[in-house]
Amino acid sequence: MTRPLRLRFAPSPTGKLHIGGARTALFNWAYARRYGGRFVLRIEDTDPERSTKEHERAILEGLAWLGLDWDEGPDVGGPHAPYHQMQRIGRHKEYAADLLARGIAYRCFCTRERLEELARAQEAAREKSAYDGRCRDLAAEEAARRATAGESFTLRFRVQPGTTRFADRVRGDMSFDNKEVEDWVMVRSDGNPTYNFVVVCDDVDMQISHVFRGEEHLVNTPKQVLLYQAFGQEPPVFGHLPLMLGTDKKKLSKRTGDTALQDYRDRGFPRRAILNFLCLQGWALDGQTEIFGVEEFVQHFDIADVGKAGSIFDIEKFLWLSGEYIRREAPEELAENCLPFLVARGLTSEAGLRARWSWFLEVVGAERERIRTYGELADRAAYLFAPDAAVAYHDDALAAARKHAQRLETLRDYLEWLRPRVAGGVDSAAVRDATKAWVADRGLKMPALFQPLRCALTGLAGGPDLFDAMRWLGAPVVLRRLEIALERLA
Ligand code: GLU
């Protein structure tokens, strides 16, 4: 029987939107969009200590920014509202009571101390840590009596011997011996339900047909499948997406790259580059084409084509891809996109930039081949806005400038020579030609002047044409920076 196609993304608002979470959302969304299904957003906020409204807002905002729209969710509502897990607690209680009445769940009175001791003993004996089932066969009346008397208890799921199987559209047929699945806790002693329990209650109630999520959840799936069976429900189609690994082949961490979507956004990766890169995490268009839009992804995505090997989140490749997107932008568009990054960096104001827009367009045009993110333009153009005495001399620029023994003498002579030649403003082409002739006349090599000069004007070892930079800075600034450099380089 085919059922309506319903997919969901179910983030816990306990932190920023993880870049892996964004990929999970993207794959579910794309599948729903390709096959005409519904995409549901459910906020799994049952961990009251770690969940915050602020995280929830940021997650919704991040998804919307990516362009992943949802058909049902906490803000837009829908036929299965509420979409906050916390507000569904009444339903979870009904499910728990039903399982208890049917003997599929049982009350466990083991204290935390006893369980800790059990875990220690199992560890000492090198056994797998698992509940030993002490309360499993308590008579129902006795358990009810102890509960009524106020003894605290958890609810555990009674796992029966056998084998649990499910089809995974990424990993193939999966099968687990139930011996490997302990009698797990569904409801904690404080009444709070656990993830494995509520996720199934909600997926059943919301009629979710497909569950694609990170491979870290694979260990949970047998428990969840047993629960579907207990509810007499057909489990959804599962697809466990390969882990996103850092270049060190370990779980993605701050060490090998930022982990939050927001961090990439703040660094100025274009939105479409982020989407494109996420598509490549476990999926490929044709094995060759790396640059493609999300529209193409939606047209071609199938969960069965996702590879099971961990995908490498290679930040260098991401930067390359990002640069490719930057170079596809028209100058005007690129300038607009870079603007907020310069303002955020405190280099200038929006009005300040707009007042000399054609100047800014030229700067952007000169850097567009070099930058890979909008934020990099702010790095590279910072010298244009710096106070003359505070231009940051980067180490490599300083090292290059200092290589030349006569640098100060050359720079001093050049300054005096230049002064009258820019008195009426900087004509880049004329100054360039004349400077080259000046260098040749003195029998110098070009870098002997150009490197100290570049350091003095920009503080960078490389960059756009120096004489363009002179024009952007204007003659008074150029002359002042050369004077200052004579002291700073001494
Ligand atoms: N709230 C869970 C998480 O964020 C959802 C996992 C699932 O998709 O089942 O990991």
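Preceding block: the structure.
Residues numbered from 1 in each chain as written. Predicted model: local features only at pLDDT ≥ 70, side-chain atom pairs only at ≥ 80, totals over all residues. Heavy atoms only, no water.

J.: Just to check I follow, could you spell out the overall build of the protein for this structure?
T.: Looking only at helices and strands, the protein features 21 helices and 11 strands. Seen through its C-alpha atoms, the protein measures out along the principal axes to roughly 105 × 50 × 40 Å. Per-residue burial over the protein gives 52% buried out of 490 residues. Relative to all contacts within the protein whose residues are 6 or more apart in sequence, the contacts with residues 24 or more apart total 75%. Counting only carbon and sulfur atoms, one obtains 50% of the accessible surface of the protein, whose full area is about 22800 Å². Of the side chains in the protein, 70 bear a positive and 72 a negative charge, and the two mean positions are spaced by 2 Å. (Helix = DSSP H or I, 4+ residues; strand = E, 2+ residues; numbered from the N terminus. Buried < 20%, exposed > 50% of the residue type's maximum accessible area, 1.4 Å probe, protein only. Contact = heavy atoms within 4.5 Å. Areas by Shrake-Rupley, 256 points an atom, 1.4 Å probe, with all protein chains shown as cover. Lys, Arg positive; Asp, Glu negative; His and termini not counted. Charge placed at Lys NZ, Arg CZ, Asp CG, Glu CD.)

J.: I'm lost on the nonpolar core in this one. Help?
T.: A general tendency of soluble globular proteins is for nonpolar side chains to be buried together. Judged by nonpolar contacts, the single largest core of 59 residues is most densely connected at Phe360, Leu384, Tyr414, Leu418, Leu453, Met470 and Leu482. Sequence-distant contacts of Leu384, defined by excluding residues within four places in its chain, comprise Trp359, Val363, Trp472 and Leu473. With 52 residues, the next largest nonpolar core counts Leu7, Leu261, Phe277 and Phe292 among its residues. (Core = buried A, V, L, I, M, F, W, Y, C linked by side-chain atoms within 4.5 Å.)

J.: Explain the environment of Ala386 to me, please; I cannot follow it from the model alone.
T.: With respect to the helices and strands, the residue Ala386 is situated in the loop between α15 (374–385) and α16 (395–402). For Ala386 and Thr348, which are 38 residues apart along the polypeptide, the C-alpha to C-alpha distance reads 9.6 Å. In this view, Ala386 contacts Val391 and Arg481; residues no more than four positions away in its chain are not counted.

J.: In this structure, what is going on with helix α4 (residues 112–124)? I would like to understand it.
T.: Because each turn of an α-helix spans 3.6 residues, side chains separated by three or four positions end up pointing in the same direction. Under the 1.5 Å per step criterion, the end-to-end length of α4 is 18 Å for 13 residues, consistent within 8% with the ideal 18 Å. Of the positions making up α4, those classed as buried are Arg114, Leu118 and Gln122. Projected down its long axis, α4 shows its buried positions confined to an angular sector of 70 degrees, all on one face. Structural note: α4 exposes Arg112, Glu113, Glu117, Arg120, Glu123 and Ala124 on the side pointing more than 90 degrees away from its buried face. (Expected span 1.5 Å × (residues − 1). Arc of directions from axis to C-beta.)

J.: Please explain the sheet that holds strand β7 (residues 185–187) as it appears in this structure.
T.: By way of backbone hydrogen bonds, the strands of a sheet pair with one another, either parallel or antiparallel. Spatially, the three strands line up as an open sheet ordered β3-β4-β7, and their pairing is antiparallel. If you trace the sheet from one side to the other, it starts and ends with β3 (105–108) and β7, each paired once. Each adjacent strand pair in this sheet contributes to an overall mean axis angle of 45 degrees, direction not counted. Bridging between β3 and strand β4 (residues 154–157) involves four bridges; their strand directions are antiparallel. Looking at the pairing, Arg107 lines up with Leu155 of β4. (Pairing = 2+ DSSP bridges. Axes fitted to C-alpha atoms, helices over the stretch in contact; angles between N-to-C directions.)

J.: Whenever I open this one, the site of the ligand confuses me. Can you help?
T.: In the vicinity of the ligand, the residues found are Arg8, Ala10, Pro11, Ser12, Glu44, Tyr195, Val199, Arg213 and His217. Taking Ala10, its main chain carries an N or O atom lying 2.8 Å from a nitrogen atom of the ligand. Within the contact set of the ligand, a nitrogen atom lies 2.6 Å away from a side-chain nitrogen or oxygen of Glu44. Against a free-state accessible area of 290 Å², the protein chains account for coverage of 80% of the ligand. Cavity membership is defined here by more than half of the atoms lying within 2 Å of grid points; on that basis the ligand lies in the largest pocket. Across the shell around the ligand, the residue classes tally to four nonpolar, two polar and three charged. (Near = heavy atom within 4 Å. Polar contact = N/O pair within 3.5 Å; in protein donor to acceptor, adjacent residues only side chain to side chain. 1 Å grid on protein atoms, 1.4 Å probe; cavity = no way out; pocket = protein on both sides within 12 Å on 5 of 7 lines; lining within 4 Å. Sits in = over half its atoms within 2 Å of the grid points. Nonpolar A, V, L, I, M, F, W, Y, C, P; charged D, E, K, R; others polar.)

J.: Would you take a moment to explain the packing of aromatic side chains for this structure?
T.: Each aromatic ring pair is described using two quantities: the centre-to-centre distance and the angle formed by the ring planes. Taken as a whole, this structure holds 28 aromatic pairs when the rule is applied. Centroid distance Phe269 to Phe318: 4.4 Å. Interplanar angle 40 degrees. Geometry classified as tilted. Placement of Phe269 in the loop between α8 (261–267) and α9 (271–279) and of Phe318 in helix α11 (residues 315–327) is noted, with a sequence separation of 49 residues between them. Among the residues examined, Phe269 registers a relative accessible area of 1% and is labelled buried. Taking 5.8 Å as the distance between ring centres and 85 degrees as the angle between the ring planes, the aromatic pair formed by Trp359 and Phe385 counts as edge-to-face. Taken together, the residues Trp359 in helix α14 (residues 357–367) and Phe385 in helix α15 connect sequence positions 26 residues apart. In terms of burial, Trp359 and Phe385 fall into one category: buried. An aromatic cluster of three or more residues is present, and its members are Phe27, Tyr31, Tyr35, Phe212, Trp283, Phe292, Phe297 and Phe301. The aromatic ring of Tyr131 is capped on one face by Arg156, whose charged end is 3.7 Å from the ring centroid. (Phe/Tyr/Trp six-rings, centres within 6.5 Å; stacked < 30°, edge-to-face > 60°. Lys NZ or Arg CZ within 6 Å of the ring centre and 35° of its normal.)

J.: Looking at this structure, how should I read the environment of Lys128?
T.: You can see Lys128 is positioned in the loop between α4 and α5 (140–148). With a relative accessible area of 53%, Lys128 lands in the exposed category. Linking Lys128 and Asp202, residues 74 residues apart in sequence, is a C-alpha distance of 31 Å. Apart from residues no more than four positions distant in its own chain, Lys128 is found in contact with Gln122 and Glu180. Side-chain polar atoms of Lys128 contact the backbone oxygen of Glu180, separated by 2.9 Å.

J.: Where do I start with helix α21 (residues 475–488) in this structure?
T.: For α21, which comprises 14 residues, the first-to-last C-alpha distance of 20 Å matches the rise-based estimate of 20 Å (1.5 Å per residue) to within 8%. Those residues of α21 lying buried are Ala475, Val477, Val478, Leu479, Arg481, Leu482, Ile484, Ala485 and Leu486. Lining the buried residues of α21 we find α15, α17 (407–421), α19 (446–458) and α20 (466–473).

J.: Just checking my understanding: could you explain the packing of α14 against α15 for this structure?
T.: For any two helices packed against each other, the geometry is given by the interaxial angle and the distance between the axes. Contact geometry for α14 and α15: axes closest at 11 Å, N-to-C directions at 135 degrees. Our classification of the angle between α14 and α15 gives oblique. Regarding α14 and α15, the two cross each other, and that crossing is right-handed. Contact with α14, carried on its side by Trp359, Phe360, Val363, Val364 and Glu367, involves Leu377, Arg380, Ala381, Leu384 and Phe385 of α15 and no other residues of that element. Of the residues contributing to the contact of α14 with α15, the split by class is eight nonpolar, no polar and two charged. (Parallel < 35°, antiparallel > 145°, perpendicular 65-115°, else oblique. Left-handed = near helix turned anticlockwise from the far one by under 90°.)

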